[in-house]
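Spelled out from the first residue to the last, the chains are:
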Amino acid sequence: MTAPDIQRRLLPYAQALEQRATGAIDLLVLHCTELPDLATARQYGERIVYPGTNTGNSGHYYIDRDGRVEQWVPNERCAHHVRGYNHRSIGIELVNLGRYPEWHHSARQAMSDPYPDSQIDSLLSLAHYLCTELPGLCWLAGHQDLDLSTVPASDDPALQVRRKLDPGPCFPWPRVQQYLGLQRFYPA
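Each value, and the rule that gives it
- Residues numbered from 1 in each chain as written.
- Predicted model: local features only at pLDDT ≥ 70, side-chain atom pairs only at ≥ 80, totals over all residues.
- Heavy atoms only, no water.
- Buried < 20%, exposed > 50% of the residue type's maximum accessible area, 1.4 Å probe, protein only.
- Helix = DSSP H or I, 4+ residues; strand = E, 2+ residues; numbered from the N terminus.
- Pairing = 2+ DSSP bridges.
- Polar contact = N/O pair within 3.5 Å; in protein donor to acceptor, adjacent residues only side chain to side chain.
- Contact = heavy atoms within 4.5 Å.
- Phe/Tyr/Trp six-rings, centres within 6.5 Å; stacked < 30°, edge-to-face > 60°.
- Lys NZ or Arg CZ within 6 Å of the ring centre and 35° of its normal.
- 1 Å grid on protein atoms, 1.4 Å probe; cavity = no way out; pocket = protein on both sides within 12 Å on 5 of 7 lines; lining within 4 Å.
- Points joined across faces, edges and corners; volume = space filled by probe spheres on them.
- Nonpolar A, V, L, I, M, F, W, Y, C, P; charged D, E, K, R; others polar.
- Disulfide = S-S within 2.5 Å.

Caption draft 1: Main features of the pairing of strand 5 (residues 89-94). Within strand 5, six of the six residues are buried, which leaves the element mostly enclosed by the surrounding structure. Where strand 2 (residues 27-32) and strand 5 come together, six bridges link them in parallel fashion. Residue H31 lies in a different strand from strand 5, and its bridge partner there is E93. For strand 3 (residues 61-63) and strand 5, the ladder comprises three bridges, and the chain directions are parallel. Paired with Y62 across the bridge in strand 5 is E93.

Caption draft 2: Highlighting the side chain of D64. Residue placement: D64 occurs in the loop between strand 3 and strand 4 (69-71). The class of D64 is buried, set by a relative accessible area of 12%. Polar contacts involving the side chain of D64 include one to the side chain of R68, which spans 2.8 Å. In contact with D64, other than residues within four places in its own chain, are L38, V95 and Q119.

Caption draft 3: Representation of the packing of aromatic side chains in the model. Following the criterion strictly, the structure yields seven aromatic pairs and no others. Ring geometry for Y62 against W72: centres 3.6 Å apart, planes inclined by 20°, an arrangement best described as stacked. Residue Y62 is located in strand 3, and its partner W72 is located in the loop between strand 4 and strand 5; the two are separated by ten residues in the primary sequence. Taken as a pair, Y62 and W72 share a single burial class, namely buried. Judged by centre distance (5.5 Å) and plane angle (75°), the ring pair of W139 and F185 falls under edge-to-face. Residue W139 is located in strand 6 (residues 139-142), and its partner F185 is located in the segment after strand 9 (183-184); the two are separated by 46 residues in the primary sequence. Through a chain of ring-to-ring contacts, the aromatic side chains of Y44, Y100 and W103 assemble into a single cluster. Positioned over the ring face of Y44 is R47, at 4.0 Å from the centre of the ring. Here R184 stacks its cationic end above the ring of W173, 3.5 Å away from the centre of that ring.

Caption draft 4: Structural view of the sheet that holds strand 3. An order of 1-4-3-5-2-6-9 is seen for the seven strands of this open sheet, with the pairing classed as mixed. Taken across any chain shown, the strands that pair with only one partner, and hence form the sheet edges, are strand 1 (6-8) and strand 9. Two elements, strand 3 and strand 4, share three bridges in a ladder whose sense is antiparallel. Bridge pairing links Y62 to E70 in strand 4.

Caption draft 5: Spotlight on the environment of P169. By the secondary structure assignment, P169 is in the loop between strand 8 (160-162) and helix 4 (173-180). Linking P169 and N57, residues 112 residues apart in sequence, is a C-alpha distance of 23 Å.

Caption draft 6: Seen up close, the layout of surface pockets. Its volume calculated, the largest pocket comes out at about 730 Å³. Lining the largest pocket are 28 residues; nearest its centre among them are Y44, N57, E93, R163 and K164. Contributions of two or more residues to the lining of the largest pocket are made by strand 2 and helix 1 (38-46). If you tally residues by element for the lining of the largest pocket, the top one is helix 1, at three residues. Grouping the amino acids of the lining of the largest pocket by side-chain chemistry returns nine nonpolar, eleven polar and eight charged.

Caption draft 7: Region of the structure containing the state of the cysteines. A complete count under the given rule lists zero disulfides for this structure. In this structure C78 is not part of a disulfide, and its nearest cysteine sulfur, from C138, lies 17 Å away.

Caption draft 8: Summary view of the environment of E133. Within the element layout of this structure, E133 appears in helix 2 (residues 117-133). Sequence separation of E133 and G23 is 110 residues, and the distance between their C-alpha atoms is 9.7 Å.

Bear in mind that shape data such as this cannot, by itself, settle questions of function.
The following block contains the structure:
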């Protein structure tokens, strides 16, 4: 598989994110944006949510439905994409509706938006490339595997729903794991 064409579109605050040694990166974390398109994801990524550092939440790479790959954060910087694992991981976001627009509504917890083959092909190409660039990579996880927290449902605060469910049940885990050969990571 050839290396993907990666369009470098760094976030305005990318250089303010904490630096790290790329040799310590051993985990790929897969996400879905839970937003309608890449432009909306970019708007969310550019929002400042950590005033002390003037940074926000984002992944390192974004893959659109047509397979286009964009890099928003350099590998040597810690992107804010998953609590507790940012220092050791690369975050890859796949454009997918997920539970959009009512992420925490109790009746909207089923995720049914499929991942196009072009998107998964680009993911495999990107992940293969990252494994050659970052030889310490040996683990693979979904955001859903690492963030098990719950929040009150938006329609009924007495109910609890998962804060994160991505990349969700439509993600082709067997295909991705078989191709990459990385071990699936679950917290102890």
